[in-house]
Amino acid sequence: MSPTQTAPAPDLLFALLPDSGLAPDGPDTLAPLAAALQAQYPNALTLTLHPPLRDAEGRCRWWLEPEPSPDGVAAALPWLIERLRHEAARLELPWQRVALAGLGDGALLALEALQAEPALAGRVLAFAGGYLSRPEHAPQDVCVHLLHGLEDRRFSYRHVVDAAQALVDLGADVTADLLPHLDHGLHPALIAKAMEQLRTFIPARLWREALIAAQENERPVG
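Here's a quick rundown of the structure. Within every chain, residues take consecutive numbers counted from 1 along the sequence as written. The predicted origin of the model limits local features to residues at a pLDDT of at least 70 and limits the giving and counting of side-chain atom pairs to 80 or more, whereas totals for whole chains, interfaces and linings rest on all residues. Processing note: side-chain calculations cover all non-hydrogen atoms of the structure and skip hydrogens and water entirely.

Considerations on helix 3 (residues 105-116)
For clarity, the cut-off: Each helix is a run of DSSP H or I of at least 4 residues and each strand a run of E of at least 2, with the numbering of both proceeding from the N terminus. The span one expects for a helix is its residue count, reduced by one, times 1.5 Å. Accessibility here uses a 1.4 Å probe with only protein chains present; expressed as a share of the type maximum, an area under 20% marks a residue as buried, one over 50% as exposed, and anything in between as partly exposed. Contact criterion: two residues are considered in contact whenever any of their non-hydrogen atoms come within 4.5 Å of each other.
Given a rise of 1.5 Å per residue, 12 residues ought to cover 16 Å, and the 16 Å separating the end C-alpha atoms of helix 3 matches this to within 8%. Where burial is concerned, most of helix 3 is hidden: 11 out of the 12 residues are buried. In the core, the buried residues of helix 3 are packed alongside strand 1 (12-17), helix 2 (70-91), strand 5 (98-103), strand 6 (123-127) and strand 7 (143-149).

Structure follows, in structure tokens:
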């Protein structure tokens, strides 16, 4: 790039939500995911949103309780929603060009955010985490990608299967990939599967738009 050229404006925003319990100055556990997203989408911006709370040991947390609760999740959502809307507005991106990707507690918060707030993000990648409770409605025009290890001892894959079935019954755009021999964490195989889903899964919204366009083209002229 020459000195007179400027970098193109981002055409996508991936907001990454880490798991709870990490030291603020520790290693970036989501760095492999950010690198994979950047390689697949060179014009995208990846932004890690660290949990704003600190426990007695100084570790970052989305909620201070040992386990997520309705009150804890409800208290965490306004900060996330406001931050995400601010970043999308700053980049002048519509909500459909925003995606959330979370790990563990970050995955749970991402999923619950899209249940609580319409028109927040167009996709969510949930690694090794799931819903606080079985979904009773589907987020509108949102692709939900659940990615989980069958040996996850912190969050059972059975909850993921149950949530995926509920979303399918509700008419949601959802994929659920359960990979064998993987415990809780952001494994390279889960990242590779997520990149495949992003490349190949076509949202129902795009199918509808294509169908409408085809019908318009078939209408007789005059």
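More follows now that the structure is in view.
With respect to the sheet that holds strand 1
Threshold: Should DSSP find at least two bridges between two strands, the strands are regarded as paired. Orientation is described by lines fitted to C-alpha atoms, with helices fitted over the stretch in contact, and by angles between N-to-C directions that extend from 0 to 180 degrees.
Within the open sheet, the six strands sit side by side as 2-1-5-6-7-8. Their pairing is parallel. With partners counted over all chains shown, the strands left at the sheet margins are strand 2 (44-48) and strand 8 (173-179), one partner each. Averaged over all pairs of adjacent strands, the angle between strand axes in this sheet comes to 15°, irrespective of strand direction. In the sheet, strand 5 pairs with strand 6 via five bridges, with the strands oriented parallel. Bridging from a neighbouring strand, G102 pairs with A126 of strand 6.

Re the packing of helix 1 (residues 31-40) against helix 5 (residues 188-200)
In helix packing, the relevant descriptors are the interaxial angle and the interaxial distance, both defined with respect to the helix axes. The test is simple: Every angle not falling under 35 degrees, over 145, or within 65 to 115 is termed oblique; those three ranges are roughly parallel, roughly antiparallel and roughly perpendicular. Note on convention: the crossing is left-handed when the near helix lies turned anticlockwise from the far helix by less than a right angle, right-handed when the turn is clockwise. Classification convention: Asp, Glu, Lys, Arg as charged; Ala, Val, Leu, Ile, Met, Phe, Trp, Tyr, Cys, Pro as nonpolar; all other residues, Gly among them, as polar.
Between helix 1 and helix 5, the shortest axis-to-axis distance is 10 Å and the interhelical angle comes to 30°. One finds that helix 1 runs roughly parallel with respect to helix 5. The chirality of how helix 1 crosses helix 5 is right-handed. Residues P32, L33, A36, L37 and Q40 of helix 1 form the contact with helix 5, whose participating residues are I191, M195, L198 and R199. Residues that form the contact of helix 1 with helix 5 fall into these classes: seven nonpolar, one polar and one charged.

Regarding the packing of aromatic side chains
Under the convention used in this document: Pairing of aromatic rings covers Phe, Tyr and Trp, the last through its six-membered ring, and needs centres within 6.5 Å; plane angles under 30 degrees mean stacked, over 60 mean edge-to-face, and all others mean tilted.
Counted under the stated rule, the structure contains two aromatic pairs. Ring geometry for F14 against Y41: centres 5.6 Å apart, planes inclined by 40°, an arrangement best described as tilted. Of the two residues, F14 is situated in strand 1 and Y41 in the loop between helix 1 and strand 2; the sequence distance between them amounts to 27 residues. Note on F14: relative accessible area 4%, which makes it buried. Seen in terms of ring centroids, W62 and W79 are 6.0 Å apart; in terms of plane orientation they differ by 55°. Their pairing is tilted. Here W62 is found in the loop between strand 4 (60-61) and helix 2, whereas its partner W79 is found in helix 2, with 17 residues between them in sequence.

Read these as layout, nothing more, since geometry by itself doesn't imply function.
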